[in-house]
Amino acid sequence: MKKINFKKIGIVALWFLGISGLVVTLGFVNNREALVKGKTITVNINQNDESSFVDEDDILKFLQDRHDTLVNQPMSEIKIYDLEKSLNAHPSIANAEVAVNVNGDVTINITQRKPLVRIINTSGESFYLDNKATLMPLTDHYTARVLVVNGIITESYSQFYNFSIPQIEKDSALSKATVLDDIYEVADFISHDSLLNGLLTQMYINSDREIELYPAVGNQKIIFGDASDMGDKFEKLKIFYREGLNSINNWDRYSIINLKYKNQVVCTKK
């Protein structure tokens, strides 16, 4: 006759009792959480620079418009995923995260989008391209100090806000129909170069759909062409400014600096 191992039976029984107790405890906690209502809302807006496209009042109004009061709302009814999804669809928000605790405290962490360049089209409409290569509308709160682009730009926000720059570049028909991709590529390059970022303040799209640049110092028109060979073109420009213009009375000597030609800078004197 096989001997009964009471020790093993005791261990199994203890495990069973422990798991049963845990289930009962979790059930009690869940029931308690279901009764808890929202008490406070804390909105944290991450500002990497001086930009302020949304503030706490905007977020609270956004919640109000969605009928998400949160305060006095049962915590079990707060759909965090849906709330985050809606906040992330806001045109000025790059990322939103929502957290709740068992005490009824709701925390909303917001990261704003960061404009790279402001575009003014031929209809007078203005919008931004942000640093993530997507279009962004203006806001009444704040005007970003970024490179400004105007000229022969017929593209509107409503036409292209659903497309990112990588999507435009992969679609030959879209790429031919717009200069937004060239504008982004050149502006992004400028933003990552401290010398160019301080030197250049305006971009203009001429009737040939080519880019012209205008510096903060001097009255030169810099003919850049399209976004091809950007690195070489900008390197030529920096060398020219360091060696060709960096002397007395040279800054106003030239009216046009042409970078379109390979391995050379063609200048027009005033």
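None of these values were measured; they are calculated from a predicted model.

Visitor: Explain the overall build of the protein to me, please; I cannot follow it from the model alone.
Guide: Counting secondary structure elements, the protein contains nine helices and twelve strands. Sequence-distant contacts in the protein: of pairs separated by 6 or more residues, those separated by 24 or more amount to 53%. For the protein, the exposed area adds up to about 16,100 Å²; of that, 52% sits on carbon and sulfur atoms.

Visitor: Hey, could you run me through the pairing of strand β9 (residues 211-215) in this one?
Guide: Every regular strand shows the same layout, with side chains that alternate between the two sheet faces. In terms of burial, β9 is largely enclosed, as four of its five residues are buried. In terms of strand pairing, strand β8 (residues 200-205) meets β9 through five bridges, oriented antiparallel. Paired with I205 across the strands is I211, a residue of β9. Linking β8 back to β9 in an antiparallel pair, the connection comprises five residues, with R209 at a positive phi of about 65 degrees. Pairing of β9 with strand β10 (residues 221-225), which is carried by three bridges, proceeds in the antiparallel orientation. Each residue of the ladder has a partner; that of L213, found in β10, is I222.

Visitor: Sorry if this is basic, but what is going on with the nonpolar core here?
Guide: As a rule of thumb, soluble globular proteins bury nonpolar side chains together. By size, the foremost hydrophobic cluster in this structure holds 40 residues, and its most contacted members are I183, V186, M203, L213 and F234. For this core, the element with the highest residue contribution is helix α7 (residues 180-191), accounting for six residues. What V186 contacts, discounting residues up to four positions off in sequence, is M203, I211, F224, A227, M230 and F234. Grouped together as the second largest cluster of nonpolar side chains are 18 residues, V54, L63, I108 and I110 included.

Visitor: How should I be thinking about the pattern of salt bridges in this particular structure?
Guide: One side chain can pair with another of opposite charge once the charged atoms of both are near each other. Under the counting rule described, the total for this entry stands at seven salt bridges. D65 is the salt-bridge partner of K61, the closest N and O atoms lying 3.0 Å from each other. With K61 and D65 both in helix α2 (residues 56-65) and four residues apart, the pair spans about one turn of that helix. Note that E235 is salt-bridged to R242, the shortest N-O span being 3.9 Å. Judged by relative accessible area, E235 falls into the partly exposed class, the value being 35%.

Thresholds, definitions, all that
Residues numbered from 1 in each chain as written. Predicted model: local features only at pLDDT ≥ 70, side-chain atom pairs only at ≥ 80, totals over all residues. Heavy atoms only, no water. Helix = DSSP H or I, 4+ residues; strand = E, 2+ residues; numbered from the N terminus. Contact = heavy atoms within 4.5 Å. Areas by Shrake-Rupley, 256 points an atom, 1.4 Å probe, with all protein chains shown as cover. Buried < 20%, exposed > 50% of the residue type's maximum accessible area, 1.4 Å probe, protein only. Pairing = 2+ DSSP bridges. Core = buried A, V, L, I, M, F, W, Y, C linked by side-chain atoms within 4.5 Å. Salt bridge = Lys/Arg side-chain N within 4 Å of Asp/Glu carboxyl O.

Nothing here speaks to function; it is geometry throughout.
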